[in-house]
Amino acid sequence: MKNVILDCDPGHDDAFAIMLAAKHTNLLGVTTVGGNGILENVTRNALSVLEVIGRTDVAVYPGHSGPCTAPLIIADNVHGKSGMDGPKLNPPKRKPETKHGVDFIVETVMHTDHVTLIATGPLTNIASAINKEPKIVERVDALYIMGGGAYAGNWTPAAEFNIYVDPEAAYKVFHSGLTIYMCGVNLTRQCPVTPEFIENIRNIGNPTSIFAAELLDFFAAGGDAHLHDACAVAWLVDPTLVRSAYLNVDIELNGKLTRGMTVTDLRPLQTAKPEADIDLDSPYRWDDAPQGSPFRGHEPNCHVGMRLDYGKFTQLLLDTLTSY
Ligand code: BDR
Ligand code: CA
């Protein structure tokens, strides 16, 4: 199993990311970041999820309470006042660690070989860890991100929530040289939370699945719910779940309408096929056009998730919840 640190802001879909990571990876620790809710809330929620699933051996390290360059924006309109409304939970028995999440990331990566990072909240902690110890870039195997989108956003027409909250951090991360897998909303919109899926989860009947179904009852009540963060972990656990393209992704910092957009250079995938303007089997490469040509693509820096196998994804989640 892969060594993993999960950086998150639970968050209903983050809870599913924790459940998958705790079962299918060697989860070295969970770090939290202000995002869906304030840091205090998302940290408490992370502790609660780990308690429900019986993994109180996994420590939780609070990181940054918000972006270093701007005020925090939270998503209480999606995740409720607590950041994870729905199930009735007692306060967690454990306390979070006193070590800062960024220090935990840096120290763990510098002392442990083959660590994979998964980030399912704003990228504040990851950028801060790179700033603190740039050598982590060479040491980390890969970074899986739930954030961004190849075509469009969700929080604004152009930007997805996690990137929109801290675009400066995202810029640092996407320009860092890390091996990045981007699980953006173009991918995660392919994993809707349906009433049938919620009932299948509830019918498993163990405490974790009942908790999971109650999370989804709340999450789906607002309509248009997707298990965004679980996708990022699922991709690491089973690479055959996702078809990706290796492309250049850059972060818009200044656009009046586009701040926080993950500008994805899709030109190598654009063909003359009438039925679709994106072709994952496109024979073109980013550097086919000569140097200096306006049609030459930008050098890839990111594996962009494009197609999700929804059947396999939901089965992985059901199997995982059954195993708790
Ligand atoms: C992302 O934003 C949050 O609300 C979710 O937890 C997910 O990480 C989706 O845009
Ligand atoms: Ca999240």
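Let us look at the structure shown here. Only a predicted model underlies this, so the values are computations on that prediction, with no experimental measurement involved.

Right, let's get into the overall build of the protein chain. Secondary structure assignment for the protein chain yields 13 helices and ten strands. Here the protein chain has a C-alpha radius of gyration of 19 Å; the compact-globule value for 324 residues is 20 Å, and the two agree. Along the first, second and third principal axes, the C-alpha set of the protein chain runs to 60 × 45 × 40 Å. Within the span of the protein chain, comprising 324 residues, buried residues form 56% of the whole. Long-range contacts, defined here as pairs at least 24 residues apart, represent 79% of the contacts in the protein chain between residues at least 6 apart. Accessible surface, the protein chain: about 13,700 Å² in total, of which carbon and sulfur atoms supply 52%.

Before going further, it helps to examine the sheet that holds strand β7 (residues 242-247). With respect to topology, eight strands assemble into an open sheet ordered β3-β2-β1-β4-β5-β6-β10-β7, the strand pairing being mixed. Two strands lie at the open edges of the sheet, namely β3 (60-62) and β7, each paired on one side alone. Neighbouring strand axes in the sheet, compared pairwise and without regard to direction, differ in orientation by 25 degrees on average. Bridge count for β7 against strand β10 (residues 302-308) is six bridges, and the pairing is antiparallel.

Attention shifts here to the nonpolar core. One recurring pattern in soluble globular proteins: nonpolar side chains tend to sit buried together. With 57 residues, the main nonpolar core has F16, M19, I201, L216, L227 and F313 as its most contacted residues. No other element matches helix α1 (residues 12-24), which puts eight residues into this core. The contacts of F313, once residues within four sequence positions are left out, are C191, L227, A230, C231, A234, L241 and L308. Counting 41 residues, the second-largest nonpolar core is a separate cluster that includes V102, V106, A119 and A150.

Let us now look at the packing of α1 against helix α12 (residues 228-237). Running from N to C, α1 and α12 cross one another at 20 degrees; their axes reach a closest spacing of 6 Å. By the angle class used here, α1 and α12 are roughly parallel. In the crossing of α1 with α12, the sense of the turn from one axis to the other is right-handed. Mapping the contact onto sequence places D13, D14, F16, A17, L20, A21 and H24 in α1 and H228, D229, A230, V233, A234 and V237 in α12. A per-class count over the contact of α1 with α12 returns eight nonpolar, two polar and three charged.

With that settled, consider the site of ligand 1. Surveying the vicinity of ligand 1 reveals the residues D13, D14, N36, H79, T120, M146, N154, E160, F161, N162, H228 and D229. Residue N154 places a side-chain N or O atom 2.8 Å away from an oxygen atom belonging to ligand 1. Protein coverage of the free-state accessible area of ligand 1, which is 280 Å², stands at 96%. The cavity that encloses ligand 1 is the largest pocket. Residue assignment for the shell around ligand 1 shows that the elements contributing at least two residues are α1, α7 (161-165) and α12. Along the lines of polarity and charge, the residues of the shell around ligand 1 split into two nonpolar, six polar and four charged.

Moving on, we get to the environment of H298. Assignment of secondary structure puts H298 in the loop between β9 (262-264) and β10. Note on H298: relative accessible area 49%, which makes it partly exposed. Separated by twelve residues in sequence, H298 and W286 place their C-alpha atoms 6.5 Å apart. Ignoring sequence-local partners within four residues, the contact set of H298 consists of N248, D265, R267 and W286.

This part is about the pattern of salt bridges. On inspection of all chains with the given rule, the structure shows twelve salt bridges. One salt bridge in this structure joins K99 and E107, with 2.4 Å as the shortest N-O distance. On the accessibility criterion, K99 (32% relative accessible area) is partly exposed. The partly exposed category is assigned to E107, whose relative accessible area is 35%. Here D113 and R139 are joined by a salt bridge, their closest N and O atoms 2.8 Å apart. With D113 in the loop between α4 (101-111) and β4 (115-119) and R139 in helix α6 (residues 136-139), this pair connects stretches of sequence that are 26 residues apart. Classification of R139 as partly exposed rests on a relative accessible area of 26%. Each of E199, R202 and D217 takes part in one network of salt bridges that share partners.

Definitions and cut-offs
Residues numbered from 1 in each chain as written. Chains lettered and ligands numbered in written order. Predicted model: local features only at pLDDT ≥ 70, side-chain atom pairs only at ≥ 80, totals over all residues. Heavy atoms only, no water. Helix = DSSP H or I, 4+ residues; strand = E, 2+ residues; numbered from the N terminus. Rg over C-alpha atoms; globule rule 2.2 N^0.38 Å. Buried < 20%, exposed > 50% of the residue type's maximum accessible area, 1.4 Å probe, protein only. Contact = heavy atoms within 4.5 Å. Areas by Shrake-Rupley, 256 points an atom, 1.4 Å probe, with all protein chains shown as cover. Pairing = 2+ DSSP bridges. Axes fitted to C-alpha atoms, helices over the stretch in contact; angles between N-to-C directions. Core = buried A, V, L, I, M, F, W, Y, C linked by side-chain atoms within 4.5 Å. Parallel < 35°, antiparallel > 145°, perpendicular 65-115°, else oblique. Left-handed = near helix turned anticlockwise from the far one by under 90°. Nonpolar A, V, L, I, M, F, W, Y, C, P; charged D, E, K, R; others polar. Near = heavy atom within 4 Å. Polar contact = N/O pair within 3.5 Å; in protein donor to acceptor, adjacent residues only side chain to side chain. 1 Å grid on protein atoms, 1.4 Å probe; cavity = no way out; pocket = protein on both sides within 12 Å on 5 of 7 lines; lining within 4 Å. Sits in = over half its atoms within 2 Å of the grid points. Salt bridge = Lys/Arg side-chain N within 4 Å of Asp/Glu carboxyl O.

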